[in-house]
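Residues per chain, in single letters:
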Amino acid sequence: MSDAVDNPFFARLWTTMSSREPESLRRLRRQNLAGLSGRVLEVGAGTGTNFEFYPATVTEVVAVEPERRLAVVAERAAARAPVPVTVTGQTVEEFTDGQSFDAVVCSLVLCSVHDPEQVVRQLYSLLKPGGELRYLEHVAESGGRGRLQKFVDATFWPRLLGNCHTHRHTESTIAAAGLQVTGAHRERVMPAWVPMPAAEFAMGVAVRSD
Ligand SMILES: C[S@@+](CC[C@H](N)C(=O)[O-])C[C@H]1O[C@@H](n2cnc3c(N)ncnc32)[C@H](O)[C@@H]1O
């Protein structure tokens, strides 16, 4: 399958949605980036919603965003960011800069790539030994909500939302790539009774320990 990302409908939708995020999600974004330092790769940066939350200890962010309409918006966010951010139009699969990053940031993106196992293995290879992956992702739930996730993933959700799949076992994928997961937890940003398939987020730090 081609790695190209060309999604005009989703780009318009995400540009609107990401400009109106609730404070509960902004808080998780801030938390996901807290304490980072050095050189950071951000995967699938979208409109650059994370950029304002990078701490001053980060010396450089390389932000990969292959959807060109989103990359244009991300470049504007980069110009306002508190740390230096460069936006590049490659897919993460195309990106190479081996073992040069102190951290990799993934937020709401491992749900959207075609082959998450391959992508996480690649992220491992881009990290310096001791470097860390910070993730904030939709993940598979159990019970009725899990069944709802499987239904929406098999029907309209990926088509409308830029290939987003809500029922992915992302934490297992990260661990299977050899990263040591610490501080993993889940947070719900909507009341539990809302039948929203992507309301729960998994967050954590996964370290390349070799
Ligand atoms: C739901 S958006 C999330 C954007 C951003 N990470 C955030 O937290 O707001 C998913 C993003 O992943 C990007 N994406 C999809 N496939 C990708 C790939 N193969 N490589 C890099 N980015 C990709 C999309 O273009 C989109 O910007």
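The rules we used
Residues numbered from 1 in each chain as written. Predicted model: local features only at pLDDT ≥ 70, side-chain atom pairs only at ≥ 80, totals over all residues. Heavy atoms only, no water. Phe/Tyr/Trp six-rings, centres within 6.5 Å; stacked < 30°, edge-to-face > 60°. Helix = DSSP H or I, 4+ residues; strand = E, 2+ residues; numbered from the N terminus. Buried < 20%, exposed > 50% of the residue type's maximum accessible area, 1.4 Å probe, protein only. Salt bridge = Lys/Arg side-chain N within 4 Å of Asp/Glu carboxyl O. 1 Å grid on protein atoms, 1.4 Å probe; cavity = no way out; pocket = protein on both sides within 12 Å on 5 of 7 lines; lining within 4 Å. Points joined across faces, edges and corners; volume = space filled by probe spheres on them. Nonpolar A, V, L, I, M, F, W, Y, C, P; charged D, E, K, R; others polar. Near = heavy atom within 4 Å. Polar contact = N/O pair within 3.5 Å; in protein donor to acceptor, adjacent residues only side chain to side chain. Axes fitted to C-alpha atoms, helices over the stretch in contact; angles between N-to-C directions. Parallel < 35°, antiparallel > 145°, perpendicular 65-115°, else oblique. Contact = heavy atoms within 4.5 Å. Pairing = 2+ DSSP bridges.

- The name given to the chain in an unreviewed UniProt entry is Methyltransferase type 11, with Mycolicibacterium poriferae as the source organism.

A look at the packing of aromatic side chains
Alright, step 1. The tally for this structure, following the rule as stated, stands at 3 aromatic pairs.
Alright, step 2. Aromatic pair F10 and W14: ring centres 5.7 Å apart, planes at 25 degrees, arrangement stacked. In this pair, F10 and W14 both sit in helix α1 (residues 8–18), 4 residues apart, roughly one turn of the helix.
Alright, step 3. Residue classification places F10 among the buried positions, given a relative accessible area of 13%.
Alright, step 4. The class of W14 is buried, set by a relative accessible area of 16%.
Alright, step 5. Look at F95 and F101: their rings are 6.1 Å apart centre to centre, the planes differ by 45 degrees, and that puts the pair in the tilted class. Accessibility classification places F95 together with F101 in one group, the buried group.

Some points on the pattern of salt bridges
Alright, step 1. Counting across every chain of the model gives 17 salt bridges.
Alright, step 2. Among the salt bridges present, the one from E187 reaches R27, with a minimum N-O distance of 3.4 Å. A residue pair is termed long-range when its members are at least 10 positions apart, and E187 in strand β6 (residues 180–188) and R27 in helix α2 (residues 23–33) qualify at 160 residues.
Alright, step 3. In this structure, the salt-bridge partner of D97 is R39, at a minimum N-O distance of 3.1 Å. With D97 in the loop between β3 (85–88) and β4 (101–107) and R39 in strand β1 (residues 38–43), the pair connects residues that are 58 residues apart, well separated along the chain.

So, the layout of surface pockets
Alright, step 1. If you add up the space inside the second largest pocket, you get close to 320 Å³.
Alright, step 2. Along the walls of the second largest pocket sit 16 residues, with T47, G48, T49, E52 and R80 positioned nearest its centre.
Alright, step 3. Elements supplying a minimum of two residues to the lining of the second largest pocket: α1 and α3 (68–80).
Alright, step 4. When residues in the lining of the second largest pocket are grouped by element, the largest group, 4 residues, is from α3.
Alright, step 5. Across the lining of the second largest pocket, the residue classes break down as 4 nonpolar, 6 polar and 6 charged.

A closer look at unusual backbone geometry
Alright, step 1. Of note, the phi angle at Q99 is positive, near 45 degrees, even though the residue is not glycine.
Alright, step 2. Within the element layout of this structure, Q99 appears in the loop between β3 and β4.
Alright, step 3. Here the phi dihedral of L108 falls at roughly 55 degrees; this positive angle occurs in a residue that is not glycine.
Alright, step 4. Looking at the element boundaries, L108 is found in the loop between β4 and α4 (116–126).
Alright, step 5. Looking at L108, the relative accessible area reads 14%, which means it is buried.

Side note on the site of the ligand
Alright, step 1. As a matter of local geometry, the ligand sits amid 20 residues, with R29, G44, E65, E93 and S107 nearest to it.
Alright, step 2. V92 is positioned such that a nitrogen or oxygen atom in its backbone is 2.9 Å from a nitrogen atom of the ligand.
Alright, step 3. Classifying every residue of the shell around the ligand by side-chain character gives 10 nonpolar, 6 polar and 4 charged.

A few points about the packing of α1 against α3
Alright, step 1. Direction vectors running N to C along α1 and α3 enclose 30 degrees, while the axes themselves pass 8 Å from each other. Taken together, the axes of α1 and α3 lie roughly parallel to each other. In this structure, α1 uses P8, F10, A11, W14 and T15 to contact α3, whose residues at the interface are R69, L70 and V73.
Alright, step 2. For the contact of α1 with α3, the residue count by class is 6 nonpolar, 1 polar and 1 charged.

Here's the deal with the pairing of β1
Alright, step 1. Most of β1 is tucked away: 5 of the 6 residues are buried.
Alright, step 2. Taken together, the 6 bridges between β1 and strand β2 (residues 58–64) define a ladder with parallel strand orientation. Note that in β2 the partner of G38 across the bridge is V58.
Alright, step 3. Sheet topology places β1 next to β4; 4 bridges connect them, and they run parallel. Opposite V40, over in β4, you have A103 as the bridge partner.

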